[in-house]
Amino acid sequence: MRIVVLTGAGISAESGVPTFRDADGLWEGHRVEDVATPEAFRRDPVTVQRFYDERRRAVAGVAPNAAHRALARLEQRLGDDLLVVTQNIDDLHEQAGSRRVVHMHGRLDTALCESCGERLGIAHDLADDATCRACGVTALRPDVVWFGELPYELDRIDLELAACDRFVAIGTSGAVYPAAGFVLTAASFGASTLELNLVESDVSLLFDEVRHGLASMLVPAWVDEVLAAVG
């Protein structure tokens, strides 16, 4: 059985990871246009760097929860037959032990060099030092996919969706594309589809089955079902 799992903010919220978008549409008190677009970075790089430096500090020390750990347990059994595609930019899947993870929207703990294109692990504030270790140019930016930019590894994701037997979305709003359309892609190739979410998403009606509740409860229960089925 080949499974593709898509995870969103809902799986990390129970670990205490703050979501960027507030109820009024602002990102931690900032307009999206001011901190999450290439134009904003060109216009005011210091503000943008500080915004993501603060986010990086906010998730430091946050631990994975039962949902992350359950997916890592599932990978131990399925190996290459499981792929986790996450919209989250934290590293909680990796902390839990998952290794087959695609961060389609980038990561807070890496930086992207606009000069040489390298993606580098970082542990410091980019507002203080944006020098690339690979090429020596001061050209590092947050390795986060901003509005107007293409997510990472879409070709690989499409291939995995076409080949999977089951597609599961966990803690996603169904409001952000292209991820919101993954259920249609998987279903078009014959995969069964399942949504695990706290509340109904924008695309719940597209899934074969929907379960509501906390990810820390739903995901371990679902993983136990899969492991029992595969023996």
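Computed from a predicted structure; not experimentally measured.

Structural notes on the domain arrangement of the protein chain
Then step 1. As assigned here, the protein chain comprises domain 1 (1–17 + 64–105 + 151–230) and domain 2 (18–61 + 106–144).
Then step 2. On a C-alpha basis, the centroid separation for the pair domain 1 and domain 2 is 26 Å.
Then step 3. Contacts between the two partners involve 11 residues from domain 1 and, on the opposite side, 12 residues from domain 2.
Then step 4. Considering only the surface of domain 1 that becomes buried against domain 2, V17, I89 and Y152 emerge as the three largest contributors, covering 58% of it.
Then step 5. Here domain 1 and domain 2 share 1 salt bridge between them.
Then step 6. In this structure, R107 and E94 form a salt bridge, with 3.6 Å as the shortest nitrogen-oxygen distance.
Then step 7. At the boundary of domain 1 with domain 2, the tally comes to 3 residue pairs in polar contact (both at pLDDT 80 or more).

Notes on the environment of S12
Then step 1. With respect to the secondary-structure elements, S12 resides in helix 1 (residues 9–13).
Then step 2. Leaving out residues up to four positions away in the same chain, S12 has contacts with V17, H68, N88, D90 and L92.

Here's the deal with the sheet that holds strand 6 (residues 140–144)
Then step 1. The sheet built from 3 strands is open, its strands ordered 5-4-6 with antiparallel pairing. Each edge of the open sheet carries a strand with a single partner, namely strand 5 (119–121) and strand 6. Direction aside, the axes of adjacent strands within the sheet are offset by 45 degrees on average.
Then step 2. Pairing between strand 4 (residues 106–113) and strand 5: 3 bridges, direction antiparallel. Its bridge partner lying in strand 5, T110 is registered against G121.

Side note on the side chain of Q49
Then step 1. Residue position: Q49 is located in helix 4 (residues 45–59).
Then step 2. On the accessibility criterion, Q49 (6% relative accessible area) is buried.

So, the UniProt feature "binding site: substrate" (unreviewed entry) in the protein chain
Then step 1. Residues given the UniProt feature "binding site: substrate" (unreviewed entry) here are Y52 and R55.
Then step 2. A polar contact of 2.9 Å, which involves the side chain of Y52, links it to the backbone oxygen of V35.
Then step 3. By secondary structure assignment, the location of R55 is in helix 4.

Some words on a nonpolar patch on the surface
Then step 1. There is a patch of nonpolar side chains on the surface, built from L198, V199, L214 and M217 and spanning about 420 Å² of accessible area.
Then step 2. Relative to the elements of secondary structure, M217 occurs in helix 9 (residues 215–230).
Then step 3. Here M217 falls in the exposed class, since its relative accessible area comes to 60%.

Topic: helix 7 (residues 154–163)
Then step 1. Those residues of helix 7 lying buried are I157, E160 and L161. The arc enclosing the buried residues of helix 7, seen along the axis, measures out at 100 degrees, which places them on a common side. Along helix 7, exposed side chains directed more than 90 degrees from the buried face belong to D155 and L159.
Then step 2. Buried-residue contacts for helix 7 involve strand 1 (3–7), strand 2 (82–86), strand 3 (101–103), strand 7 (166–170) and helix 8 (182–188).

Procedures and definitions
- Residues numbered from 1 in each chain as written.
- Predicted model: local features only at pLDDT ≥ 70, side-chain atom pairs only at ≥ 80, totals over all residues.
- Heavy atoms only, no water.
- Domains from an automatic or database assignment.
- Contact = heavy atoms within 4.5 Å.
- Buried area = accessible area lost by both parts, 1.4 Å probe.
- Salt bridge = Lys/Arg side-chain N within 4 Å of Asp/Glu carboxyl O.
- Polar contact = N/O pair within 3.5 Å; in protein donor to acceptor, adjacent residues only side chain to side chain.
- Helix = DSSP H or I, 4+ residues; strand = E, 2+ residues; numbered from the N terminus.
- Pairing = 2+ DSSP bridges.
- Axes fitted to C-alpha atoms, helices over the stretch in contact; angles between N-to-C directions.
- Buried < 20%, exposed > 50% of the residue type's maximum accessible area, 1.4 Å probe, protein only.
- UniProt positions renumbered as here; feature names shortened; annotations may be inferred.
- Patch = residues over 30% accessible without salt bridge, like charges linked within 9 Å, V, L, I, M, F, W, Y side chains within 5 Å.
- Areas by Shrake-Rupley, 256 points an atom, 1.4 Å probe, with all protein chains shown as cover.
- Arc of directions from axis to C-beta.

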